[in-house]
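# Summary of structural features
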Amino acid sequence: MIVVFLGPPGAGKGTQAAYISAKRDIPQLSTGDMLRAAIAAGSDVGRQAKAIIDRGDLVSDEIVAGIVSERIDMSDCESGFLLDGFPRTIEQAHMLDRILAGKGRDISCVLELVVDEGALVDRLNSRISDAKARGDEVRSDDNVETFQKRLGVYQEQTAPLVPFYEGKGVLKKIDGMQPVEVVSADIDRILDEC
Ligand code: AMP
């Protein structure tokens, strides 16, 4: 099963992707996590990505498609995987189609977490205070200014993926404003039919 998660920053993609990954025993491939790992490792990709991520822009399509393509060749992706944060542009969606076609695979389902964007800044602020309360490091792009930028980038570059996948007949919408467990249950029901 190959699942793509769509939704603006702060919609809860990461949380739900982690739940589904554990429940269905398929890896969660978060391009944001992979890029942050590359930054922490001080690799070439990490050096190129750091400033771009910190200002809330998108890293180049080629870089992210390259890391995803390599990652899905790993053996733990054989029975499926969840893409969290990729694709984020129409060009990346075309790249993903080509990557999967080259491996004889196909997307099973695209889940869109639909949220009230006005509520997202409140969610961000509680994410920051929760992280601080746990003593965790706050992500360098988790601040209101960068967040607004990421939201604008989402509306401009990623939201067009909704009609793109609707046209392919694989898009499923989920009300992401419900309590976390209800969103998870809705996703479970949808995936049972994918
Ligand atoms: P995320 O953890 O998904 O919120 O991603 C954090 C940041 O990583 C984004 O704001 C982008 O700068 C970068 N990033 C993650 N995924 C992608 C992608 N598919 N394409 C381009 N940039 C990405």
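Here is a short report on the structure shown in this document.

### Considering the pairing of strand S1 (residues 2-6)
Burial analysis of S1 places five of its five residues in the buried class, the great majority of the element. By the alternation rule, side chains of S1 split into Ile2, Val4 and Leu6 and Val3 and Phe5, which are all buried. Of the pairings in the sheet, the one linking S1 to strand S3 (residues 81-84) comprises four bridges and is parallel in character. Opposite Ile2, over in S3, you have Phe81 as the bridge partner.

### Some points on the site of the ligand
Around the ligand there are 16 residues in total, and Thr31, Asp57, Gly85, Arg88 and Gln92 lie nearest to it. Between the ligand and Thr31 there is a distance of 2.8 Å, counted from a nitrogen atom to a side-chain nitrogen or oxygen. Protein chains bury 95% of the 480 Å² of accessible surface belonging to the ligand in isolation. For the shell around the ligand, the leading source of residues is helix H2 (residues 31-41), giving four residues. Broken down by class, the residue content of the shell around the ligand amounts to six nonpolar, four polar and six charged.

### Brief notes about helix H9 (residues 180-192)
End to end, H9 covers 18 Å across 13 residues, agreeing with the expected 18 Å (1.5 Å per residue, within 8%). Residues Val183, Ser184, Asp186, Ile187, Asp188, Ile190 and Leu191 constitute the buried set of H9. At its buried positions, H9 is contacted by S1, helix H1 (13-24), strand S4 (109-114) and strand S5 (171-175).

### Side note on the packing of aromatic side chains
Under the definition given, this model contains one aromatic pair. Residues Phe164 and Tyr165 carry aromatic rings whose centres are separated by 5.0 Å and whose planes lie at 80 degrees to one another, so their mutual orientation is edge-to-face. On the basis of relative accessible area, Tyr165 is assigned to the buried category, the value being 0%.

### A word on the state of the cysteines
In a disulfide, the sulfur atoms of two cysteines are held together by a covalent bond. Under the defined criterion, the tally for this structure stands at one disulfide. Between the sulfur atoms of Cys109 and its disulfide mate Cys194 the distance is 2.4 Å. Of this pair, Cys109 sits in strand S4 while Cys194 is found in the segment after H9, placing the two residues 85 residues apart along the sequence. A residue is classified by how much of its surface remains accessible, and Cys194, at 37% relative accessible area, is partly exposed. Left without a disulfide partner, Cys77 is nearest to the cysteine sulfur of Cys109, which lies 18 Å away.

Reading the values: rules and limits
Residues numbered from 1 in each chain as written. Predicted model: local features only at pLDDT ≥ 70, side-chain atom pairs only at ≥ 80, totals over all residues. Heavy atoms only, no water. Buried < 20%, exposed > 50% of the residue type's maximum accessible area, 1.4 Å probe, protein only. Helix = DSSP H or I, 4+ residues; strand = E, 2+ residues; numbered from the N terminus. Pairing = 2+ DSSP bridges. Near = heavy atom within 4 Å. Polar contact = N/O pair within 3.5 Å; in protein donor to acceptor, adjacent residues only side chain to side chain. Areas by Shrake-Rupley, 256 points an atom, 1.4 Å probe, with all protein chains shown as cover. Nonpolar A, V, L, I, M, F, W, Y, C, P; charged D, E, K, R; others polar. Expected span 1.5 Å × (residues − 1). Contact = heavy atoms within 4.5 Å. Phe/Tyr/Trp six-rings, centres within 6.5 Å; stacked < 30°, edge-to-face > 60°. Disulfide = S-S within 2.5 Å.

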